[in-house]
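Examination of the molecular architecture
Chain residues, written in single-letter form:
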Amino acid sequence: MNIFCYTVTMSKIQMKNAVAELDGDEMTRVLWKVVKDVLLVPFVDLKTEYYDLGLKERDDTEDGVTYKAADAIRRLGVGVKCATITSNKARMEEYNLKHLTPSPNGIIRSELDGTVFRKPIFVSNIKGTVSCWKKPIVLGRHAYGDVYKNCEIRTECAGKAELVFTGVDGKEVRKTIMEMKGPGVIQGIHNLDDSIIDFARCCFTYALDEHISVWFGAKDTISKTYDGRFKELFQQVYDAEFKDRFEKAGLTYFYTLIDDIVARMMKSEGGILWACKNYDGDVMSDMVASACGSLAMMTSVLVNPDGVYEYEASHGTVQKHYYRYLKGEKTSTNPVALIFAWTGALAKRGELDGTPDLVQFAKKLERVTLETIEAGYMTGDLARLATEEPKAVLDSWQFIDKIAERM
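Here's what I pulled together on the structure shown here. Owing to the predicted nature of the structure, the values given are computational and were not obtained by experimental measurement.

Another point: the side chain of Glu21. With respect to the element layout, Glu21 can be found in strand 1 (residues 19–23). In contact with Glu21, other than residues within four places in its own chain, are Trp32, Lys36, Thr48, Glu49, Tyr50, Tyr51, Val80 and Trp342.

Shown next, in the form of structure tokens:
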């Protein structure tokens, strides 16, 4: 069926302001355009500022395009991002890159200094692998510093590794990390009190909005200064600004070690905001998404303290499917996270601009997407987890067309 034959005559929903659109790589880049062409453009007079964050473009511009995209998100207030490649040695050779490129997500998150909130998308006929999880677990991931803004050295011989800080007052603090007896590697990471405080405030505010309690875990028994500072600042923010509001709402804040949080979470029923440091959130959000059904069944939004929002697909670029696509095959790649990145951005744009029709469209598209799956039409990743035999296992294009038909 030609989707456009019955939508072209409709009056399109208007947008007052644009969103920053950040294109990506591989299979997600292919489906990004299909989602726009089939599910958005026929219904919405789409306004975007386009930035190509494909790997080659980032390499050609020395990541200049990434910084421009981050500036656009801050200026426009709303951005939407496709999945992108973070290069390694193999990718450098494959794409003939000048050098290894840093994570574009790391750059954008550092520039905006916000918190990433990720939430599984539940559908009634998809059974997760953790049977006790009855409610979504929201991951609140700190999006600044740590390993994503690190400094690394590979050493070729024995020597002394030192950590040095020189204050603006000229005073120097110097500590020996290790007397290295041979070649090795050294890594330096950092964080800022202001960023940690903003992280805590974002988590507690989001939890109040969602009416869920907050669990936070770090490793302060080992990292007594670094992780200990996270623990200390979270408690200060909670006691000074949120304790009374949490108690009135019947909510709690709970801190324990990260390994204890993991053990407790596997036995909980969900319905909790799990606040995580940057790397912990990177790993644990994929674990939660996979356990709930699929990496493509999770929403992700970066919220910064100034009220700037970046919606993204939280999974990878689906490299293996892309190679099959290049051979002319149709793949059954799940596009739900891509769809929900767009709907999240459009709903927020409509909310900020006072255009309720745009908000309603975004919510309807989300609802119809889930209803399509619940009606038995789904991609292969979900078909393996369905509680009943699917009516049809569709490739990505068929699945998107099916959603459009139901719209």
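Contact geometry of helix 1 (residues 26–40) with helix 14 (residues 396–406) gives a least axis separation of 10 Å together with a crossing angle of 25 degrees. Relative to helix 14, the element helix 1 lies roughly parallel. Taken as a pair, helix 1 and helix 14 cross one another with a handedness that is right-handed. For the pair formed by helix 1 and helix 14, the contact residues are Met27, Val30, Leu31, Val34, Val35, Val38 and Leu39 on the first element and Ser396, Trp397, Ile400, Asp401, Ile403 and Ala404 on the second.

Here the idea is simple: oppositely charged side chains can pair when their charged atoms come close. If you walk through the whole model with that rule in mind, you get 32 salt bridges. In this structure, Asp52 engages Arg29 in a salt bridge whose closest nitrogen and oxygen atoms are separated by 2.9 Å. Of the two residues, Asp52 is situated in strand 2 (residues 48–52) and Arg29 in helix 1; the sequence distance between them amounts to 23 residues. Note on Arg29: relative accessible area 29%, which makes it partly exposed. Here Arg201 makes a salt bridge to Glu241, at a shortest N to O gap of 2.9 Å. Taken together, the positions of Arg201 in helix 6 (residues 193–210) and Glu241 in helix 7 (residues 226–248) put the pair 40 residues apart, joining distant regions of the chain. Overlapping salt bridges bring together Glu26, Arg91 and Glu94 as one network.

On to the packing of helix 6 against helix 7, then. At a closest axis distance of 9 Å, the pairing of helix 6 and helix 7 adopts a crossing angle of 35 degrees. The two elements helix 6 and helix 7 meet at a crossing, and its hand is right-handed. Contacts from Asp193, Ile196, Ile197, Phe199, Ala200, Arg201, Cys203, Phe204, Thr205, Ala207 and Leu208 in helix 6 reach Arg229, Phe230, Leu233, Phe234, Val237, Tyr238, Glu241, Phe242, Arg245 and Phe246 in helix 7. Taken together, the residues of the contact of helix 6 with helix 7 break down into 15 nonpolar, one polar and five charged.

Conventions we followed
- Residues numbered from 1 in each chain as written.
- Predicted model: local features only at pLDDT ≥ 70, side-chain atom pairs only at ≥ 80, totals over all residues.
- Heavy atoms only, no water.
- Helix = DSSP H or I, 4+ residues; strand = E, 2+ residues; numbered from the N terminus.
- Contact = heavy atoms within 4.5 Å.
- Axes fitted to C-alpha atoms, helices over the stretch in contact; angles between N-to-C directions.
- Parallel < 35°, antiparallel > 145°, perpendicular 65-115°, else oblique.
- Left-handed = near helix turned anticlockwise from the far one by under 90°.
- Salt bridge = Lys/Arg side-chain N within 4 Å of Asp/Glu carboxyl O.
- Buried < 20%, exposed > 50% of the residue type's maximum accessible area, 1.4 Å probe, protein only.
- Nonpolar A, V, L, I, M, F, W, Y, C, P; charged D, E, K, R; others polar.

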